Amino acid sequence: EDKVVQSPLSLVVHEGDTVTLNCSYEVTNFRSLLWYKQEKKAPTFLFMLTSSGIEKKSGRLSSILDKKELFSILNITATQTGDSAIYLCAEVRDDMRFGAGTRLTVKP
Amino acid sequence: ETGVTQSPTHLIKTRGQQVTLRCSSQSGHNTVSWYQQALGQGPQFIFQYYREEENGRGNFPPRFSGLQFPNYSSELNVNALELDDSALYLCASSLAKEGSGTQYFGPGTRLLVL
């Protein structure tokens, strides 16, 4: 079965550090790739990526998609304790397939 | 806040029982998807409803069933509960039938099966 694989599974950094989260997918009827932040329960939408090489940016967060190599990265610069969460990526085809997530912990 | 609501927030059931979870989608959204998220895992797609009809289904047994109503709210029913059904159940609403649109998640229902 096609999979969405995220790495690392967990990450502990200190405030001010920059982190890069990875997401690889196996394309079948690929439509888009989504990134979500999950703090307690409801995942909240961050980015939707459909085209290769075009960076999406929102404040300290940015993301880019490589459709040739079938992966995406999510960058967070100058991390803050409020960035602590599970970050999920999902490949959108006929349905949405999520990776297991990366648990990010930002220490003061 | 996404405007997607779910009830109840928490639920405890015993093996063999049946449960109904409810979801009200964001205003204007006609598509609702349900996911099961076990501890330490990403959400797993259960099924999707578009305009009151099932529009796709993940790898879940028939004892997982659903409904969508004319106002686009939805129910997830699980019969003959098993211990492994303990999880966070998320619903997400969107505008696009095919799932290419962004989905907005509700806060989830945490189900514990004893």
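For the structure itself, look to the data block above.
Scope of this entry: the structure provided in the associated data block. (Residues numbered from 1 in each chain as written. Chains lettered and ligands numbered in written order. Predicted model: local features only at pLDDT ≥ 70, side-chain atom pairs only at ≥ 80, totals over all residues. Heavy atoms only, no water.)

**What about the interface of chain B and chain A?**
- Taken residue by residue, the interface counts 21 residues in chain B and 18 residues in chain A.
- Here chain B meets chain A over a buried area of about 1600 Å², counting both sides, of which 57% is carbon and sulfur.
- Run the count over chain B and chain A and you get zero salt bridges.
- Along the contact surface separating chain B from chain A lie three residue pairs in polar contact (both at pLDDT 80 or more).
- Where the side of chain B that touches chain A is concerned, the elements lending two or more residues are β4 (31-37) and β9 (87-94) of chain B.
- When grouped by side-chain class, the residues that make up the side of chain B that touches chain A number seven nonpolar, 12 polar and two charged. (Contact = heavy atoms within 4.5 Å. Buried area = accessible area lost by both parts, 1.4 Å probe. Salt bridge = Lys/Arg side-chain N within 4 Å of Asp/Glu carboxyl O. Polar contact = N/O pair within 3.5 Å; in protein donor to acceptor, adjacent residues only side chain to side chain. Helix = DSSP H or I, 4+ residues; strand = E, 2+ residues; numbered from the N terminus. Nonpolar A, V, L, I, M, F, W, Y, C, P; charged D, E, K, R; others polar.)

**Things to note about the pattern of salt bridges**
- In this structure the tally under the stated criterion is six salt bridges over all chains.
- Here R60 of chain A and D83 of chain A are joined by a salt bridge, their closest N and O atoms 2.8 Å apart. Here the residue R60 of chain A occupies a position in the loop between β6 (56-58) and β7 (61-66), and D83 of chain A occupies one in the loop between β8 (71-76) and β9 (85-92), the gap between them amounting to 23 residues.
- Under the relative-accessibility criterion, R60 of chain A is labelled partly exposed at 24%.
- The exposure class of D83 of chain A is buried, given its relative accessible area of 4%.
- Residue D85 of chain B pairs with R63 of chain B through a salt bridge whose shortest N-O separation is 2.8 Å. Of this pair, D85 of chain B sits in the loop between β8 (74-78) and β9 while R63 of chain B is found in the loop between β6 (53-57) and β7 (64-68), placing the two residues 22 residues apart along the sequence. Each member of the pair D85 of chain B and R63 of chain B is classed as buried. (Buried < 20%, exposed > 50% of the residue type's maximum accessible area, 1.4 Å probe, protein only.)

**Re the sheet that holds strand β1 (residues 4-7) of chain A**
All names here are of chain A.
- Here we have five strands laid out as an open sheet, ordered β1-β3-β8-β7-β6, and antiparallel in their pairing. The strands lining the two open edges of the sheet, one partner per strand, are β1 and β6. For this sheet, the mean angle separating the axes of adjacent strands, direction not counted, is 15 degrees.
- Pairing of strand β3 (residues 19-25) with β8, which is carried by six bridges, proceeds in the antiparallel orientation. Its bridge partner being in β8, S24 is matched across the sheet by F71. (Pairing = 2+ DSSP bridges. Axes fitted to C-alpha atoms, helices over the stretch in contact; angles between N-to-C directions.)

**Some details on the packing of aromatic side chains**
- Scanning the entire structure with this criterion turns up nine aromatic pairs over all chains.
- Considering the side-chain rings of F98 of chain A and Y35 of chain B, the 5.5 Å spacing of their centres and the 90 degrees angle between planes classify their relative orientation as edge-to-face. Here Y35 of chain B lies in strand β4 and F98 of chain A lies in strand β10 (residues 96-98), a pairing that spans two chains.
- The class for F98 of chain A is buried, based on a relative accessible area of 7%. (Phe/Tyr/Trp six-rings, centres within 6.5 Å; stacked < 30°, edge-to-face > 60°.)

**Looking at the environment of Q18 of chain B**
All names here are of chain B.
- Turning to its location among the elements, Q18 is positioned in the loop between β2 (10-13) and β3 (19-24).
- According to the relative accessible area criterion, Q18 is partly exposed, its value standing at 37%.
- Not counting residues within four places of it along the chain, the set of residues in contact with Q18 comprises K13, N77, V78, N79 and L81.
- Of the polar contacts made by the side chain of Q18, one reaches the side chain of T20; its length is 2.9 Å.

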